Amino acid sequence: MGKIAVIGAGSWGSALALVLADNNHDVRLWTHRQEQAEEINNAHTNEKYLKGITLPKAITAFHDLKEAVQDVSHIILVVPTKAMREVCQELKQVIDHPVTITHASKGIEPSTYKRVSEVIAEELPEELYSAIVVLSGPSHAEEVSLRQPTTVTVSSGNLEQAELVQDLFINEKFRVYTSPDLVGVELGGALKNIIALGAGISDGLGYGDNAKAALITRGLAEITRLGTSMGANPLTFAGLSGVGDLIVTCTSHHSRNWRAGNLLGKGNDLDEVLDKMGMVVEGVRTTKAAYQFSKEQSVEMPITNGLYRILFEGAKPKDVVDQLMTRGRRHEMEELSNLLGERS
Ligand SMILES: NC(=O)C1=CN([C@@H]2O[C@H](COP(=O)(O)OP(=O)(O)OC[C@H]3O[C@@H](n4cnc5c(N)ncnc54)[C@H](OP(=O)(O)O)[C@@H]3O)[C@@H](O)[C@H]2O)C=CC1
Ligand SMILES: O=C(CO)COP(=O)(O)O
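Residues numbered from 1 in each chain as written. Chains lettered and ligands numbered in written order. Predicted model: local features only at pLDDT ≥ 70, side-chain atom pairs only at ≥ 80, totals over all residues.

Engineer: I'm lost on the site of ligand 2 in this one. Help?
Structural biologist: Lining the immediate environment of ligand 2, one finds 13 residues, of which S139, T249, S255, R256 and N257 sit closest. Elements with a minimum of two residues in the shell around ligand 2: α8 (182-204), α10 (240-251) and α11 (256-265). Grouping the constituent residues of the shell around ligand 2 by class yields three nonpolar, six polar and four charged. Split by domain, the shell around ligand 2 shows at least three residues from each of two domains, domain 1 (3-180) and domain 2 (187-343). (Near = placed C-beta within 6 Å. Helix = DSSP H or I, 4+ residues; strand = E, 2+ residues; numbered from the N terminus. Nonpolar A, V, L, I, M, F, W, Y, C, P; charged D, E, K, R; others polar. Domains from an automatic or database assignment.)

Pasting the structure below:
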């Protein structure tokens, strides 16, 4: 089987490397920390990010990026979205042949509102890649690394390349679907993190399952509203990378976004929470991006708006929930009924 480089040795990069190794690929896992490369190569563990898991011996860790990508046919980018530009700038210096680029990171860049595939396309010259593919869906690294049943979606402007990536990853525990909607698949994965922060806050405040169900359902409505305004097919949000990922992130204690929200709901401030987490909480940055975009484009996003006030303006979570519950009366399917009204 071919050589594949996985760039980023956090929880998700390590779990995806494990799936590829299970599928008999020669996997090169790049980390920017020398001591982590040594741990992976000598002890076959990555204790900080995948506690208690023994990594397959087919995974070799590299600290040198040039060595990691030498002769590979595929590169899987799995660094936090904040680091994506910097890592692509380094990659540009060391790739010497065209490869297929897949990314599995979930976020939107504040100010530019770029999706991850757009950031990659901006930083890497076109001649260095044959396609950019996204892999997304309800998939906590902790469960994937235990080989528990998991489903994800891959998408690309080039569907043939997405199918190639589907072939690389699919096995009896890790089922991979394809979708033609790159924009929707990326946005579903990014925007669910905002709502997961909200679900964690709700639990932290001591609210129950009714509140959680409300957040998931009304959260999906606002994800769909923003997503379609950014060019996604609304149907994609009914799939794995939409509602599937939204459910898993809002309900699982594995979720860093849920856990961060939970600490906020219990009264910790954002800096304390991010300190305690020690892992990436993508929803914070994506809340800023979605809030800014929704203001500029007049897209109604009351939950995102409330989250923004909690994260960046010091609003008290309970006050924000009270304000959400006492907004003006609405029709549940307002956009739909307007649309149907226009048509009748
Ligand atoms: N964890 C999961 O279950 C899933 C995560 N994702 C997505 O995958 C992406 C990565 O998340 P995840 O692996 O969980 O994150 P983690 O917090 O577990 O790990 C992040 C990794 O990236 C490294 N890193 C941070 N900054 C840089 C940089 N500038 N250059 C190189 N490496 C860097 C960190 O190194 P260091 O140790 O030095 O900080 C660490 O190894 C996110 O976008 C997330 O949303 C998607 C699906 C599932
Ligand atoms: O995206 C994920 C699961 O699909 C992981 O979510 P967290 O980043 O909140 O842990």
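What follows continues from the structure just given.
Engineer: Would you take a moment to explain the domain arrangement of the protein chain for this structure?
Structural biologist: Size of an interface, as often reported, equals the accessible area lost when the parts are brought together. Taken domain by domain, the protein chain consists of domain 1 (3-180) and domain 2 (187-343). Computed from C-alpha atoms alone, the centre-to-centre distance between domain 1 and domain 2 is 27 Å. Residue-level contacts link 23 residues of domain 1 with 26 residues of domain 2. Going through the elements one at a time, β7 (150-156) and β8 (174-179) are the ones with two or more residues in the side of domain 1 that touches domain 2. Broken down by element, the residue count for the side of domain 1 that touches domain 2 peaks at three residues, all from β7. (Contact = placed C-beta atoms within 7 Å.)

Engineer: What's the story with the UniProt feature "binding site: NADPH" (unreviewed entry) in the protein chain in this structure? I'm lost.
Structural biologist: UniProt tags S11, W12, H32, R33, Y49, K106, A141, R256, V280 and E282 as "binding site: NADPH" (unreviewed entry). Of the residues examined, V280 has 23 C-beta atoms within 10 Å and is grouped as buried. Secondary-structure assignment places E282 in helix α13 (residues 282-297). If near-sequence neighbours (up to four positions away) are discounted, E282 is found in contact with P80, T81, K106, G107, N193 and N257. (UniProt positions renumbered as here; feature names shortened; annotations may be inferred. Buried ≥ 20, exposed ≤ 12 C-beta atoms within 10 Å, placed from the backbone.)

Engineer: When you look at unusual backbone geometry in this model, what are you seeing that I'm missing?
Structural biologist: Leaving glycine aside, a negative phi is the common case for residues, and trans is the common case for peptide bonds. A positive phi angle is found at H44, which is not glycine, with a value near 55°. Structurally, H44 can be placed in the loop between α2 (34-43) and β3 (59-62). The class for H44 is partly exposed, based on 14 C-beta atoms found within 10 Å. With a phi close to 50°, S298 is a non-glycine residue in the positive phi region. Along the polypeptide, S298 turns up in the loop between α13 and α14 (302-313).

Engineer: What should I look at first to understand the nonpolar core in this one?
Structural biologist: The nonpolar side chains of soluble globular proteins are, as a tendency, buried together. V6, I7, L16 and L77 are the most contacted members of the largest nonpolar core, which has 102 residues in total. The greatest single-element share of this core, amounting to 12 residues, is contributed by α8. Here this core spans two domains, and each of domain 1 (3-180) and domain 2 (187-343) adds at least three residues to it. If near-sequence neighbours (up to four positions away) are discounted, L16 is found in contact with V6, I76, V78 and A104. (Core = buried A, V, L, I, M, F, W, Y, C linked by C-beta atoms within 7 Å.)

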